[in-house]
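Report on the structure
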Amino acid sequence: MSRRRKFGWVLGRAAGGGQKYWQARDQPPVWSYSKWPDRPRHYTKNFDAEYTAMAEAWLAEQERLIKLGSWEPPRIEKTKELSSTITFREYALDFV
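Residues numbered from 1 in each chain as written. Predicted model: local features only at pLDDT ≥ 70, side-chain atom pairs only at ≥ 80, totals over all residues. Heavy atoms only, no water.

Description of the pattern of salt bridges
- All told, the structure shown has three salt bridges when counted by the stated rule.
- Close ionic contact of R64 with E61 constitutes a salt bridge, the shortest N to O distance being 2.8 Å. One end of the pair is R64 and the other is E61, both in helix α2 (residues 52–68) and three residues apart, which spans about a single turn.
- Assessed through its relative accessible area of 33%, E61 is described here as partly exposed. (Salt bridge = Lys/Arg side-chain N within 4 Å of Asp/Glu carboxyl O. Helix = DSSP H or I, 4+ residues; strand = E, 2+ residues; numbered from the N terminus. Buried < 20%, exposed > 50% of the residue type's maximum accessible area, 1.4 Å probe, protein only.)

Quick look at the packing of aromatic side chains
- According to the stated counting rule, one finds four aromatic pairs in the structure shown.
- When the centroid spacing of 6.5 Å and the interplanar angle of 80 degrees are considered together, the rings of W31 and W71 count as edge-to-face. Of this pair, W31 sits in the loop between β3 (20–26) and α1 (32–35) while W71 sits in the loop between α2 and α3 (74–83), placing them 40 residues apart in sequence.
- Owing to a relative accessible area of 36%, W31 belongs among the partly exposed residues under this scheme.
- Its relative accessible area of 1% is what places W71 among the buried residues. (Phe/Tyr/Trp six-rings, centres within 6.5 Å; stacked < 30°, edge-to-face > 60°.)

Describing the pairing of strand β2 (residues 9–14)
- Of the strand pairs in this sheet, β2 and β3 are connected by six bridges, and their pairing is antiparallel. Paired with V10 across the two strands is A24, which belongs to β3.
- Hairpin connection, β2 to β3: the antiparallel pair is bridged by five residues, and G18 has positive phi, about 90 degrees. (Pairing = 2+ DSSP bridges.)

Some words on the confidence of the model for the protein chain
- Model confidence for the protein chain is summarised by a mean pLDDT of 84, while 95% of its residues fall at 70 or above.
- Of all the helices and strands in the protein chain, strand β1 (residues 2–4) carries the lowest mean pLDDT, 57, while α2 carries the highest, 91. (pLDDT = per-residue confidence, 0-100.)

Spelled out as C-alpha cells, the structure:
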C-alpha cells in the first residue's frame, strides 16, 4: 500500500520474514544539490507497522526543515549529534 502525499511518500512494505513495516521517503530540496553533490536522490526511514502516524510526522518534519532552509542530510545531522556528546575522558576529568 502506498500513500502519495503533497510532500514525500509513505509506503507499506514487507520484510523477508513477512514482517510488515512503513517506509517514509522524501526527496531532498533542490538547493541541496550544489551544497552536497554526493547525497542520494531520496531519503528513507522505516517504521514498525503500527506506527503510521510517526512516518507521517517524520515527513512533516522534513518538509518543515526544508521550508525553513535548515535541512541537512541525515549523515551531517548524526555527525553533529555525535560531536556534541561528552566523552568518558572529559566526564572523568571533571568528576575527579
